[in-house]
Amino acid sequence: MSQQKKPDSILEKPGLKIRNRSLFLFICCMLVASVLVGRLIYLQIIKNEDYRRLVIEQMVKETTVSASRGAITDRNGVVLATNYTTYRIFIDPSSMKDENGNLSDDVRKKVASGLSEILGVEYDFVYEEAQKSKYKDRTIKKNVDKETAAEVREFISENKLSKCIYLVETATRVYPFSTLASHVIGFCGTDGGLYGLEYQYDSILQGKSGKIVYAEDALHGEMPYDYEMYIDAENGANLVTTLDYKIQSILEKYLEEAAIESGCKSRACGIIMDPNTGEIYAMATYPSYDLNNPRVLPSYYDSLVESYKTQYGEGTNEYNTAISTLLLTMWNNKCITDTYEPGSTAKIITTSIALEENLATTTEHFTCSGSYKVSGWTIRCHKTSGHGTLTFAGGLQQSCNPVMMKLSERIGISTYAQYFRAFGLSEKTNIDLPGEASPIYKEESEMTMLDLAVYSFGQRFNVTAIELISAVSAVANDGTLVTPHIIKEIKDDDGNTLASFGTNEVRQVISKETAETISEILAEGVATNGGAKNAYVKGYSVAAKTGTSEKGTTNARICSTIAYAPSYDPQVVCLLIIDEPTIGSIYGSTVAAPYVSKILEEVLPYMGIEPQYTEEELASMDMSVSNYRGLSLDAAKQSISAAGLKYEVVGNGTSVVNQIPASGSRMSKDGGRIILYTEDVEESRDAVVPNVVGMTAEKANKALTDAGLNVHLDGATIGAGAEVYSQSILPGTVVAKGTVVEIEMRFMNIYGDD
C-alpha cells in the first residue's frame, strides 16, 4: 500500500503569495495606525488648548457684573457725581420652551405681552427678540427703575418664567446739582467718561467689572453649583476735588449775571483759586449745561439755533452738523480750551519784571501824551488825551500803555522773553483736566521791538484763563509759581486714601519784595482812584487789575478783571472774563470788575477771612434792622433813637404790631426811618420810588429818603465819582413808606483799560 502526500498545513511555511499579501495588509494597518496616532497627537497635543477653549466656550457661559463708578465730591464731601441703581431687563430666547422641552410660541407671546405692558415697549419688538432662539441674552430695556423692576419680578414669579426673563443691576450716572461745575465734572457715555474729570480720570472712576461664570450641559441646562464661579466687581475709586460747592455756586451766580447784563455773545468764564497751593475752588463757563441731559442746548443758544433752522432747514444734514458743532462748543471748558489776549491784566507781569530787574522805582515819574512811537508806529494810550505826568505806581494803577512801552524798552526782548517763560506763559500749566490749549506767542528769535511794545500791555499774544491766573498767582504767592490742580485726593469706598495731591512749586519767578510791592500798588489803586476801583470790597484790601483786549481784527472786545485778597496775605485769586459784551460800556473796569467785587464780598467771609473796616467804611456802613414787633411803643422809640434812626408811628396803640422795614433788612443809617404800626391796619402804600440812576450816593440817598424810603448801598461806596448804576425797585413804583430800595454804585467814568 502506497503512502499518500499530506496537505499543506497552515503551520508550515507559507508560500510567497501569502507572505506578500500579509505584508501588504500589515503595511496598510501600520499606515492607518500612523494616521490615527498622528491625528490624535495633533488633536490632543498640538491643538489641545484650542479645542479645550472651544469646548469650554460651548459649555461655559458668563454674565457680566458691572462695577459701580466712583463718586466725585467737592472738598467738603458734597457729592457732585454719583450713581443710582437701575436694571437691565433681558430675555433668553433659547429657553422659551413648553413642558416638553420644545420651543413654544405661546411662551414667547406671554413674555412679549407682559414685558411690553410693564416696560412700555412695543409688543412686536419683544416678540421679535423672543424668536431669536440662537441667543441667550437679548436686551429689552435698560435703566429700569426699582419700582418697575419689582413689577417685572412679580410677573416672572406669577408666570414661572424664571428661565426666560432676567434682571441685571446696573449703575446709572447722576449729577445731583445738574448744571453746577458742568464744564469741570463732564459727563459719561456708554463707554465711559467723555468730558471733564469724568474723562480725565475715567480709568480710576470706572473700576473693573466682575462676572458670574457657569457651565451648561449638552441640553443647555445649568450644571451643579460646583461648576459656577463668581468674580467680584471692583468698584471705581472716588475723586475728592478741590472745588468748594458754595464758592462754585457764588461764581456761577455772578458770572451769569455779568454775562446777561453785558449781552455777552461768546460765552464767559471765571476761576477762583488759592494762589498759594494752586487748588481750584471754583471754575465755571457760562452758559452751563445739564449734566443729566448733556445734549440739550440751554436757552443762551436759542437765537443761533433759530438761525440754523432758517439757513439750513430743520433736520437737514447741514442743520444737524451745525447743532453737533454747537454742542461741542458748549461742552468745552472755556477756562482751559480757549485762548485770548489778556490785555491790561498782563501789565502786572511787565511791571513785576521792571522792578525785579531794578529798571525802575515806584516813585519814578513818566510822561504820557496819549501815544508813544515804536519802530515808526504810533501806539495810542486808552486815554487819548494823555495821563500827563504820573509815577511808576500810577502807570500801573491808571493802566497807562506808554508807561508800559517805555518799561519794555528798558527790559529788552531777551529779558522779557526769559520772564515770559518763567511766569509759565509759554507753556501749558498741566492742570489735571483734558483739553488745555497751548499759548500762542512769538519766540524770542522772532520778536521785534514793536512786538515787545504791544506785549507789554497784553496784546498780540494769547493765553488761556488758567495760564493767566497761574501767572498772576505767582505775584500773589510771594513770587512763586505753582501748578493749578483740581483733584485733592483719591479714595476707595471705605474712605481709605489711595492718592493725595499737594502743592507743586514750579519755580521762584520774582522776589518776595517785588511781589509785595506790586500787590501794594494794585491794592492802593482799588482803594483810591485806580482803574480797578470797581473791584473794591468794603472791609478788605483787594489787589486788582482790569483788562480790555481786542478780538482779532473786529471791533469785538474781551473784558476781564483779575483780583486777589487780602492783598497783604492773599488767600484767594479770582479771574472773570466776558467774551464780546455788547451792552453799555465794554471795558473790564465796568463789565467784569463790579462782579469780581460781588464774588469776593461773599467768598472772603465764607472762607473765614474777617473784614477790617476803616473809619470811613464804618461811617458809611449799613445796619441791620432790629425786631421791634411786640415791644411797647415807648421801648421801640427809645431803641430806634439809640440806633441813630428816625421813626414814624401809625395808629393809636401802645405796642408795636408791625414794622417797615422788616427785621433783618439792611439799610443806611443816613436818613434811615422805621415805620411802627401800633394797630393791625393795612400798610400805607403812598411812597413813589424816584429814579436815582446816575446820581451820586448822596443825592440818591436824599431823593429816596425825601420820598419816605430807606436806602441800602452796594458796590463802590468809597471815593468820589461813583454813581448809581441800578436800583432794586423800578422808578414810579408805589410802595409802602419805609421800604428799602437797594442801589448799586459803580464808577462809570473810568477811562478804558485796554
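What comes next concerns the included structure. What you see is a predicted model, and the numbers here were worked out from it, not measured in a lab.

## What about the overall build of the protein chain?
Inference 1: Assigned secondary structure in the protein chain consists of 24 helices and 35 strands.
Inference 2: The globule rule puts the C-alpha radius of gyration for 754 residues at 27 Å, and the 39 Å found for the protein chain is more than 25% above it.
Inference 3: For the protein chain, the proportion of its 754 residues judged to be buried stands at 47%.
Inference 4: Sequence-distant contacts in the protein chain: of pairs separated by 6 or more residues, those separated by 24 or more amount to 72%.
Inference 5: Element-wise, carbon and sulfur atoms account for 49% of the exposed surface of the protein chain, whose accessible area totals about 36,700 Å².
Inference 6: With 69 positive and 97 negative side-chain charges, the protein chain shows a separation of 9 Å between the mean positions of the two kinds.

## Points about the packing of aromatic side chains
Inference 1: Scanning the model with the defined rule gives 17 aromatic pairs in all.
Inference 2: Between Tyr 416 and Phe 420 the ring centres are 6.1 Å apart and the planes differ by 35 degrees, which places this aromatic pair in the tilted class. With Tyr 416 and Phe 420 both in helix α16 (residues 413–422) and four residues apart, the pair spans about one turn of that helix.
Inference 3: Using a relative accessible area of 1% as the deciding quantity, one classes Tyr 416 as buried.
Inference 4: Judged by relative accessible area, which is 4%, Phe 420 ranks as buried.
Inference 5: Ring pairs connect the aromatic residues Tyr 416, Phe 420, Tyr 441, Tyr 455 and Phe 461, which therefore count as one cluster.
Inference 6: Positioned over the ring face of Tyr 135 is Arg 138, at 4.7 Å from the centre of the ring.
Inference 7: Looking at Lys 533, its charged tip hangs above the ring of Phe 747, at a distance of 4.2 Å from the centre.

## Some thoughts on the pattern of salt bridges
Pairing is possible between side chains of opposite charge, provided their charged atoms come close.
Inference 1: Counted under the stated rule, the structure contains 31 salt bridges.
Inference 2: Note that Glu 580 is salt-bridged to Lys 551, the shortest N-O span being 2.8 Å. Residue Glu 580 is located in the loop between β25 (572–579) and α20 (588–591), and its partner Lys 551 is located in the loop between β23 (543–550) and β24 (557–565); the two are separated by 29 residues in the primary sequence.
Inference 3: On the accessibility criterion, Glu 580 (16% relative accessible area) is buried.
Inference 4: Across the pair Lys 702 and Asp 706 runs a salt bridge, and its minimum N-O distance is 2.8 Å. A residue pair is termed a helical-turn pair when its members lie 3 or 4 positions apart in one helix, as Lys 702 and Asp 706 do in helix α24 (residues 697–706) at four residues.
Inference 5: Taken together, the shared-partner salt bridges in this structure form one network comprising Arg 267, Lys 334, Asp 338, Lys 551, Asp 579 and Glu 580.

## Details of the environment of Leu 575
Inference 1: For Leu 575, the location among the structural elements is in strand β25.
Inference 2: Given a relative accessible area of 1%, Leu 575 falls into the buried group.
Inference 3: What Leu 575 contacts, discounting residues up to four positions off in sequence, is Cys 269, Gly 270, Ile 271, Tyr 340, Ala 465, Leu 468, Ile 469, Thr 561 and Ile 562.

## Regarding unusual backbone geometry
Inference 1: Residue Pro 566 is bonded to the preceding Ala 565 through a cis peptide linkage, with omega at -20 degrees.
Inference 2: Relative to the elements of secondary structure, Pro 566 occurs in the loop between β24 and β25.
Inference 3: With an omega of 0 degrees, the peptide bond running from Ile 660 to Pro 661 counts as cis.
Inference 4: Tracing the chain through its elements places Pro 661 in the loop between β28 (658–660) and β29 (666–668).

## Thoughts on the sheet that holds strand β35 (residues 740–746)
Inference 1: Pairing in this open sheet of three strands is mixed, and the strands run β32-β35-β33 from one edge to the other. Looking at strand neighbours, the two that pair on one side only are β32 (710–715) and β33 (723–727), the edges of this open sheet. Recorded for the sheet is a direction-independent mean angle of 40 degrees between the axes of neighbouring strands.
Inference 2: Of the strand pairs in this sheet, β32 and β35 are connected by six bridges, and their pairing is parallel. Along β35, the bridge assignment pairs His 712 with Glu 742.

## Quick look at α24
Inference 1: Regarding α24, the residues found buried are Ala 700, Asn 701, Leu 704 and Thr 705. Buried residues of α24, viewed axially, fall in a sector of 120 degrees; they line one side. Looking at α24, the residues exposed on the side facing more than 90 degrees away from the buried face are Glu 698, Lys 699, Lys 702 and Asp 706.
Inference 2: Where α24 is buried, its residues meet β29, β32, β33 and β35.
Inference 3: Backbone geometry just after α24 places Gly 708 at a positive phi near 85 degrees.

## Some thoughts on a negative patch on the surface
Inference 1: Side chains of Glu 117, Asp 145, Glu 147, Glu 151, Glu 154 and Glu 158 sit close together on the surface and give a patch of like negative charge.
Inference 2: Mapped onto the elements, Glu 117 comes out in helix α3 (residues 105–119).
Inference 3: Given a relative accessible area of 69%, Glu 117 falls into the exposed group.

## Things to note about a nonpolar patch on the surface
Inference 1: Residues Leu 23, Phe 26, Ile 27, Met 30 and Leu 31 make up a contiguous nonpolar surface patch of roughly 500 Å² in combined accessible area.
Inference 2: Checked against the element boundaries, Leu 23 lands in helix α1 (residues 16–46).

## Some details on the packing of helix α13 (residues 347–356) against helix α19 (residues 512–527)
Inference 1: Packing of α13 against α19 brings their axes to within 10 Å, and their N-to-C directions diverge by 135 degrees. By the angle between their axes, α13 is oblique relative to α19. For the pair α13 and α19, the crossing hand works out as right-handed. Together, Ile 348, Thr 351, Ser 352, Leu 355 and Glu 356 of α13 and Thr 514, Thr 517, Ile 518 and Leu 522 of α19 make up the contact between the two elements.
Inference 2: Taken together, the residues of the contact of α13 with α19 sort by class into four nonpolar, four polar and one charged.

## So, α3
Helical periodicity: at 3.6 residues per turn, an α-helix aligns residues three or four positions apart in one direction.
Inference 1: Between its terminal C-alpha atoms α3 stretches 21 Å, which fits the 21 Å expected from 15 residues at 1.5 Å a residue.
Inference 2: Those residues of α3 lying buried are Val 107, Arg 108, Val 111, Ala 112, Gly 114, Leu 115, Ser 116 and Leu 119.
Inference 3: In the core, the buried residues of α3 are packed alongside β3 (79–91), α4 (123–130), β4 (138–144), α5 (146–159) and β5 (165–174).
Inference 4: For α3, the side-chain oxygen to backbone nitrogen distance between the N-cap and Asp 106 is 3.2 Å, and the N-cap itself is Ser 104.
Inference 5: Of the residues trailing α3, Gly 120 is marked for its positive phi of about 70 degrees.

Analysis parameters
Residues numbered from 1 in each chain as written. Predicted model: local features only at pLDDT ≥ 70, side-chain atom pairs only at ≥ 80, totals over all residues. Heavy atoms only, no water. Helix = DSSP H or I, 4+ residues; strand = E, 2+ residues; numbered from the N terminus. Rg over C-alpha atoms; globule rule 2.2 N^0.38 Å. Buried < 20%, exposed > 50% of the residue type's maximum accessible area, 1.4 Å probe, protein only. Contact = heavy atoms within 4.5 Å. Areas by Shrake-Rupley, 256 points an atom, 1.4 Å probe, with all protein chains shown as cover. Lys, Arg positive; Asp, Glu negative; His and termini not counted. Charge placed at Lys NZ, Arg CZ, Asp CG, Glu CD. Phe/Tyr/Trp six-rings, centres within 6.5 Å; stacked < 30°, edge-to-face > 60°. Lys NZ or Arg CZ within 6 Å of the ring centre and 35° of its normal. Salt bridge = Lys/Arg side-chain N within 4 Å of Asp/Glu carboxyl O. Pairing = 2+ DSSP bridges. Axes fitted to C-alpha atoms, helices over the stretch in contact; angles between N-to-C directions. Arc of directions from axis to C-beta. Patch = residues over 30% accessible without salt bridge, like charges linked within 9 Å, V, L, I, M, F, W, Y side chains within 5 Å. Parallel < 35°, antiparallel > 145°, perpendicular 65-115°, else oblique. Left-handed = near helix turned anticlockwise from the far one by under 90°. Nonpolar A, V, L, I, M, F, W, Y, C, P; charged D, E, K, R; others polar. Expected span 1.5 Å × (residues − 1). Polar contact = N/O pair within 3.5 Å; in protein donor to acceptor, adjacent residues only side chain to side chain.

These values are about where atoms sit, not about what they do.
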